[in-house]
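Structural characterization, general
Now for the letters of each chain:
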Amino acid sequence: MKIKVVDNFLEDKIFFSLCHLVLCELDFPWSYTSGVAHNASEGKQDGFYFVHSIFEDGKGFVTPFPALRSRLKPLSKLLGMKQLLRARLLLYVNQGKQIVHDKHVDFDFSHHAFLLYLNSNNGYTEFHHEDRPSEKILSTRNRAVFFDGSKFHNSSTLTDKRRRVVLAVNYL
């Protein structure tokens with residue numbers, strides 16, 4: 001699996017605008033999700049996170065924030081999207097220990113996946129390769145990660161900050 005990492009991906013003005021909306025708005029809505037990586041808790045009490053859905057294939061834009069939609073428009077050009085499949089914001093909270101989530105694929109067909117880390121912390125995304133050891137990419141503010149979302153990867157929680165926030169986009 002080829003992984004591309006780009007630091008300082010978005011222009012400061014666009015990045016700060018997105019971060020202000022997501023990280024600073026007191027009424028920004030997050031939905032509790034009781035299983036990470038498509039798995040129900042399966043008895044695991046620490047396998048949870050929060051999601052803000054922006055776009056879902058077949059439903060279109062589902063976020064109640066028009067400002068969030070407009071802040072994401074520059075991304076479609078930068079990414080060269082032909083079709084948006086899903087866009088979500090993911091929020092992992094500090095649980096006092098680093099929890100490594102189960103590996104998963106986003107969709108079972110080859111497609112582009114894009115992660116944008118909105119804040120720096122010691123959480124990471126791990127990518128699993130068939131022919132070499134896995135690769136961990138740390139959450140670093142304004143770092144973009146490009147990969148094939150049909151390949152195995154996993155997330156982790158953090159221990160050095162209060163939260164880890166990631167924009168995750170799947171597209172063709």
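Residues numbered from 1 in each chain as written. Predicted model: local features only at pLDDT ≥ 70, side-chain atom pairs only at ≥ 80, totals over all residues. Heavy atoms only, no water.

1. Describing the overall build of the protein chain
For the protein chain, the helix and strand inventory stands at two helices and eleven strands. The secondary structure elements of the protein chain, listed N-terminal to C-terminal, are β-α-β-β-β-α-β-β-β-β-β-β-β. Computed over C-alpha atoms, the radius of gyration of the protein chain comes to 15 Å, within 12% of the 16 Å expected from 2.2 N^0.38 for 172 residues, which places it in the range of a compact globule. For the protein chain, the proportion of its 172 residues judged to be buried stands at 47%. Contacts in the protein chain between residues far apart in sequence, at least 24 positions, make up 77% of those at least 6 positions apart. When the accessible surface of the protein chain is totalled, it reaches about 9,100 Å², and 51% of it is carbon and sulfur. If the 23 positive side-chain charges of the protein chain are averaged to one point and the 18 negative ones to another, these points end up 5 Å apart. (Helix = DSSP H or I, 4+ residues; strand = E, 2+ residues; numbered from the N terminus. Rg over C-alpha atoms; globule rule 2.2 N^0.38 Å. Buried < 20%, exposed > 50% of the residue type's maximum accessible area, 1.4 Å probe, protein only. Contact = heavy atoms within 4.5 Å. Areas by Shrake-Rupley, 256 points an atom, 1.4 Å probe, with all protein chains shown as cover. Lys, Arg positive; Asp, Glu negative; His and termini not counted. Charge placed at Lys NZ, Arg CZ, Asp CG, Glu CD.)

2. Looking at helix α1 (residues 12-24)
Within α1, the full set of buried residues consists of F15, L18, C19, L21, V22 and L23. On its buried side, α1 packs onto α2 (66-79), β5 (84-93), β6 (112-117) and β11 (163-171).

3. A few points about the pattern of salt bridges
Applying the stated criterion to the full structure yields four salt bridges. Note that R143 and D7 form a salt bridge whose closest N and O atoms lie 2.5 Å from each other. Placement of R143 in strand β9 (residues 143-148) and of D7 in the loop between β1 (4-6) and α1 is noted, with a sequence separation of 136 residues between them. Its relative accessible area of 15% is what places R143 among the buried residues. (Salt bridge = Lys/Arg side-chain N within 4 Å of Asp/Glu carboxyl O.)

4. A few points about α2
For α2, built from 14 residues, the straight-helix expectation of 20 Å at 1.5 Å per residue is met to within 8% by its first-to-last C-alpha distance of 20 Å. Along α2, the sharpest change in direction is near 25° and occurs at L72; proline P74 comes one to four residues later. Inspection of α2 places L68, L72, L75 and L79 among the buried residues, and these make up the whole buried set. Looking at the buried side of α2, the elements it contacts are α1, β3 (49-56), β5, β6, β9 and β11. Once α2 ends, the next one or two residues include G80, with phi positive near 65°. (Expected span 1.5 Å × (residues − 1). Bend = angle between axes of the 7 residues up to and from the residue.)

5. Quick look at the sheet that holds strand β7 (residues 124-127)
Reading across the sheet, the three strands line up as β8-β7-β10 and stay open at both edges, with antiparallel pairing between neighbours. Either end of the sheet is taken by a strand with one partner, and the two such strands are β8 (135-138) and β10 (153-155). Put simply, the sheet's adjacent strands are angled 20° from each other on average, direction ignored. As paired elements, β7 and β8 share four bridges and run antiparallel to each other. Opposite F127, over in β8, you have E135 as the bridge partner. (Pairing = 2+ DSSP bridges. Axes fitted to C-alpha atoms, helices over the stretch in contact; angles between N-to-C directions.)

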